[in-house]
Amino acid sequence: MVDPVYAVVRVIARFWIWFFFERVEVRHPERVPRSGPVFLCINHPNNLIDSLLVASVLPRKVHYLATAALFRNPLLARFLAALGVIPVYRKADDPDKMDRNTEMFAACDEAFGRGRLIAIYPEGVTRAAAHVQRIKTGAAWIALGYEAHAPGRLTLVPVGLSFEARRRFRGRVLVSVGEPVDVSSFLPVYREEPAKALHALTAAIQAAMEREVVHVERIDAAVFARAAEELSRGALERELWGEQACSHRLMAPLLQLSGSIAEAVEHFRTQDPGRIERLWHRMLGYHAGLAAYRLRDEAVRIRLEGPAERQPVARSWQTIVGFPFFAYGAAVNVLPYYLPGWLAGRTARKQTDYATTRLLASVVAFPLFWALETLLVGWAAGLRWALAFFVSLPLGGLIAYRYLVGTGRLRHQLRFGALLLTRAQEARRLLAERREIIEELERAKRDYVGGVAA
């Protein structure tokens, strides 16, 4: 049973997650048991938003483990306690209070004993990297400590959070729930050699978490994989994220594509590094050409895919008809939309803080500006107009955002069409370069799949 305070906070969190992200895809939520003690081990790429996301998509109450530094403020401490947050005393925050972690272990045991669900970020702090960092042994300590006196009861579940674009408003995100890790299998070793069992379970948790996110060992491989993915996933993305796509098919295949490319990059880096280097230079040259003419890859891809994908006439009249709605929505939402992004850019000390700062600023900015604007309309035109105006504010904002995205695509298509008319040789060079890169990626994929199968 979820208590009223947590239920209210979760409703608010769900609204702002829906508002802030275009799509949130949850993969295998059924792997989290509906009852009994559960221990979630989650990667931590995006600060507070990670907790809001997981709490929003799970029906059960989540008791998070959080740094005790958050409990220094009495009011915040009472609020966190009401939400069921359990304080962890970290050496980096206060070395003199490390002995108080016995209270944390006792609180976890008590919560598990009552059949509660606890979540931990084993990496310790937020990480901007797209892969799971080396995790700490705290999760294994907690899991084995409880398992030792309640064998077979605990379900340890890895969870991977993957953000398409960390700084982008209305981005897309995947919450991927992994297969449970069998904690009880480590118990016999734990009774004889605790340290060995702790390290073994920690390694198992690390591997399980990595399977739920795109894991690339080195940043240059990650950059290459991302560039290759952007070029090769067009058809799949259009199928999955198009207007007719079913929500349950949205994100997982794209994340699987990212993982496959990352694995292929690592394979060729050891087997044929020259091939990777040549392909990388070709992609750099192609993107440099796009930048020179202020184009997006999507415009070149659509031109290659044929007339069926080009609908400039239809989109042109839609652009004309939709402009008044865009102008209204943009005018009444421009300040609460841009100010949080500006504030986050100026104040976020780390990359992982940007989205959280922008979200929290939006939580304040939109209601504040909407209230002020509604008061002005009510003062000028009366209560009925004020109520109608207030209802139109969020709808107008979403329409304006969708219009801006759509016209941006049309603008780049028209710009590429103009390039074909004025500098046909350069435009054809971009078309040929993209086609050849895709063909080389396809050959590399076939060679990689054949090599793995052999």
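Relevant structure appears above.
Residues numbered from 1 in each chain as written. Predicted model: local features only at pLDDT ≥ 70, side-chain atom pairs only at ≥ 80, totals over all residues. Heavy atoms only, no water.

Draft legend 1. How the structure looks around the pairing of strand β2 (residues 38-42). Along β2, five of the five residues are buried, which leaves the element largely enclosed by surrounding structure. Burial of the side chains of β2 extends over both faces: V38, L40 and I42 are buried on one face and F39 and C41 on the other. Relative to strand β5 (residues 117-120), β2 runs parallel, the two sharing four bridges. Across the sheet, the residue bridging to F39 is I118, located in β5. (Buried < 20%, exposed > 50% of the residue type's maximum accessible area, 1.4 Å probe, protein only. Helix = DSSP H or I, 4+ residues; strand = E, 2+ residues; numbered from the N terminus. Pairing = 2+ DSSP bridges.)

Draft legend 2. Expanded view of helix α5 (residues 138-149). Given a rise of 1.5 Å per residue, twelve residues ought to cover 16 Å, and the 18 Å separating the end C-alpha atoms of α5 matches this to within 8%. Within α5, the full set of buried residues consists of A139, A140, I142, A143, L144, Y146 and E147. (Expected span 1.5 Å × (residues − 1).)

Draft legend 3. Spotlight on the sheet that holds strand β1 (residues 21-27). What the seven strands build is an open sheet, ordered β1-β7-β6-β2-β5-β3-β4; its pairing is mixed. Only two strands of the sheet have a single neighbouring strand rather than two, namely β1 and β4 (86-88). Ignoring which end each strand starts from, the neighbouring axes of this sheet average 25° apart. Of the strands in this sheet, β2, β3 (62-67), β4 and β5 touch helix α4 (residues 101-113), which is tilted by about 150° from β4. (Axes fitted to C-alpha atoms, helices over the stretch in contact; angles between N-to-C directions. Contact = heavy atoms within 4.5 Å.)

Draft legend 4. Local environment of the pattern of salt bridges. A full pass over the atoms with the stated rule returns six salt bridges. The partner of E426 in a salt bridge is R429, with the nearest N and O atoms 3.3 Å apart. Of the two residues, E426 and R429 both sit in helix α16 (residues 424-453), three residues apart, roughly one turn of that helix. Using a relative accessible area of 23% as the deciding quantity, one classes E426 as partly exposed. Among the ionic pairs, E440 bridges to R443, the shortest N-O distance being 2.7 Å. (Salt bridge = Lys/Arg side-chain N within 4 Å of Asp/Glu carboxyl O.)

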